[in-house]
Structures are given as structure tokens and as C-alpha cells.
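Okay, here's what each chain looks like letter by letter:
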Amino acid sequence: MDTRYLQSFIHVAELGSIAEAARRLDLTPAAVAQRVRLLEQEMGMSLIRRSGRTVAPTEAGARILERGRQVLRDIRDLRDDLSDGRDLAGQLRVGGTPTMMLAVLPDLVSRFLAQHPKVDIYLEPGTSTTLFRKVVDGDLDAALLIQPLYELPKSCGWYTMREEPLVLLAPSAMQVDDVHATLEREPFLRYDRATVGGQLAEAYLRQYGIRTRQRCEMDGLDAIAALVERGIGVSLVPAWVAASNTRLAIRRWPLPQRSARRVVGMTWTRTSARTRLVHCFLELVKAWRKNDKNSID
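Here is what the cut-offs are and how they apply
Residues numbered from 1 in each chain as written. Predicted model: local features only at pLDDT ≥ 70, side-chain atom pairs only at ≥ 80, totals over all residues. Heavy atoms only, no water. Helix = DSSP H or I, 4+ residues; strand = E, 2+ residues; numbered from the N terminus. Buried < 20%, exposed > 50% of the residue type's maximum accessible area, 1.4 Å probe, protein only. Areas by Shrake-Rupley, 256 points an atom, 1.4 Å probe, with all protein chains shown as cover. Lys, Arg positive; Asp, Glu negative; His and termini not counted. Charge placed at Lys NZ, Arg CZ, Asp CG, Glu CD. Contact = heavy atoms within 4.5 Å. Axes fitted to C-alpha atoms, helices over the stretch in contact; angles between N-to-C directions. Parallel < 35°, antiparallel > 145°, perpendicular 65-115°, else oblique. Left-handed = near helix turned anticlockwise from the far one by under 90°. Nonpolar A, V, L, I, M, F, W, Y, C, P; charged D, E, K, R; others polar. Phe/Tyr/Trp six-rings, centres within 6.5 Å; stacked < 30°, edge-to-face > 60°. Lys NZ or Arg CZ within 6 Å of the ring centre and 35° of its normal. Salt bridge = Lys/Arg side-chain N within 4 Å of Asp/Glu carboxyl O.

1. Thoughts on the overall build of the protein
When you go through the protein residue by residue, the secondary structure sums to eleven helices and eleven strands. Taking the principal axes of the C-alpha coordinates as reference, the protein spans close to 70 × 50 × 35 Å. Residues counted as buried form 48% of the 297 residues belonging to the protein. Summing over all exposed atoms, the protein offers an accessible surface of approximately 15,700 Å²; the carbon and sulfur share of this is 49%. Each charge sign in the protein was given a centre, from 43 positive and 36 negative side chains, and these centres are 2 Å apart.

2. Describing the environment of L92
In this structure, L92 sits in strand 3 (residues 90-96). Sequence separation of L92 and T160 is 68 residues, and the distance between their C-alpha atoms is 20 Å. Non-local contacts of L92, meaning those with residues more than four positions away in its chain, are made with F112, V119, D120, I121, Y122, D141, L277, V278 and F281.

3. So, unusual backbone geometry
Even without glycine at this site, D26 takes up a positive phi of about 60°. Here D26 lies in the loop between helix 2 (18-25) and helix 3 (29-43).

4. Comments concerning the environment of F112
Summarising the element assignment, F112 is placed in helix 6 (residues 105-115). Between the C-alpha atom of F112 and that of C280, which follows or precedes it by 168 residues, the distance is 8.0 Å. For F112, the contacting residues outside a window of four places in its chain are L92, V119, I121, L277, C280, F281 and L284.

5. What to know about the packing of helix 6 against helix 11 (residues 275-291)
Helix 11 packs onto helix 6 with a crossing angle of 130° between their chain directions and a minimal axis gap of 10 Å. Between helix 6 and helix 11, the angle falls in the class oblique. Classified by chirality, the crossing of helix 11 by helix 6 is right-handed. Of helix 11, the residues touching helix 6 (which contributes L105, D107, L108, R111, F112 and Q115) are L277, C280, F281, L284, V285 and W288. Partitioned by chemical class, the residues of the contact of helix 6 with helix 11 number nine nonpolar, one polar and two charged.

6. Looking at the packing of aromatic side chains
Taken as a whole and judged by the stated rule, the model has three aromatic pairs. Seen from their ring centres, Y204 and Y208 are 4.7 Å apart, and the 50° between their planes marks the pair as tilted. A relative accessible area of 29% means that Y208 is categorised as partly exposed. Over the face of the ring belonging to W253 we find R251, whose NZ or CZ atom lies 3.7 Å from the ring centre. Geometry around W240 places R252 over its ring, the cationic atom sitting 4.3 Å from the centre.

7. Topic: the pattern of salt bridges
Per the stated rule, a full pass over the model turns up 16 salt bridges. The partner of R193 in a salt bridge is E202, with the nearest N and O atoms 4.0 Å apart. Residue classification places E202 among the buried residues on the basis of a relative accessible area of 14%. E283 serves as the salt-bridge partner of K286, at 3.8 Å between the closest nitrogen and oxygen. Pair noted here: K286 and E283 are both in helix 11, with a separation of three residues, about one helical turn. One salt-bridge network, in which partners are shared between bridges, spans R190, R193, E202, R206 and E217.

Here's what the structure looks like:
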């Protein structure tokens, strides 16, 4: 069996789209479809079914999906085991939330590759929930994300990079004398309550009985910041790390009362065959934290 066929099938099944799988694999949709057909011929059964523009695994496809993921992981582990032990080599798969992808990972990855040119780094963006699940399942070796509000399994390591208190986000020209009054008076751009930061903001508003004039609810701190700059409203968000090239005319106002903090860090699977690679990457993360003026001591 050609593992490329299996890889293409897994991407199609997970993403529900041949076109999206082709984009992720840097192939044409026709090439991905051909790989899936060849795998189906080799297995002697249909593995995906089409419904309009979307696709989903058949019953047979669903049965081999997890086994297929494990086969690809085992092959990747085998390649790393056979690499030259004197120099770091192999592939390191790292995930990151949109904020980490924009503001942190570019510097970390460039430094890592400069030190270990034989290592190939695969980067995967996603939500904290999705990335954490992929680390637990072994699809990613590590991820930079928001710490879940539940206890992490013992199979995963954790390193805290930042603790981010909630702040009032307002246009730089707006004078704020009373943060709570401003939250009630101005149109409110709510940080998505499906996120950890949004849940913390909602808990603060409820705790102090603050009634907002909600204009929208959305994910994406950089998008919220852009709206705030244009005077669309104010927001209550974690004091996230912004990209170095971000120069928005906004100001972060501390809250008058203590709030829970959003915790940002790196998680990894302790059972990875790429433990040496993960630990080298972790050392760069620790160095980044020392230079982060908002990181905890």
C-alpha cells in the first residue's frame, strides 16, 4: 500500500472536502481524488461517499480511519528512529492557535530551524480544543494553545508561557474614568463565549452585574481589536500577545477588580518518538517566555 494514498484518504475524511484536502496537501483535487480511488481499488471497497460538494467516510472508511492514522504515525516514528542519532532529524509536528501562529511561532520556528536544519517542521493552525485533541491522539507532537479549563491527562506535558488578565479594550482616543461604566455605556463587542477567554469575560460581567449593549459576538482577538480601533465598540478580552507588526490605535485598560486569567502555554505528548525534538523546541519556548514582558515570573 502506498502511504500517500492513505494520507490523502485521511485528509479527505477529516476535512469533508476533496478540495480542502488538496489545498492542505499541496496537490490538485484531481490528484487527491485519484489517490482515494486507487486506495479503494486496493481495499476492494468504497471508502467515501459524496453528497453535493462534501464527502464523508462510508462505514468501511470509518472503520479504517483510526487504524490508518496509527499506521502513518508508526511509519513516521520508524523514520525518526532510523535517523542519525548524532544530529537532530525527522519531522516535528507543531500546532498553534491563530494568535500563536501570528505573534509567536514565526520567531520560534525560524530559530529552531537555524539550530536544527535537518529537522522538518509541519505547522497546523487550529482552535485550542482541536489542537489539544490532536496532541492527545498523537497527530501532533506539541501545540501552543490556551490551557483548557479541565485537568490535562497525565500523558501530556504542560509549560505555562503567559497568564493573561482581562482588560478593557477601547480606542486610544477614548478617555476611560470608570471601566465598568464604560462597558455598560458603549456598544459591546463580545469575545466568543465558546472560547476560554470569552467564558472568563462572561463570568466577570455576571459577577459584577455589568449589563452590556452587545453589538456582536465573535472569535478572533485581532479582528475585535480592529473593530475597536474604528470606534465600533469596546470589548473585554484577555491581554493577549499581539504580533510585532500590529500598530492599532487602541488601549488596554486594567479592570478595577481582580479577574481570572487566561493561561497560554505549550502542551506535548510524553509518549512521542520525537521527545528530543520536542524538548529542544521547549527550550526555545522557555527562552521566549523570559523575553516576554507580560509573562509570569
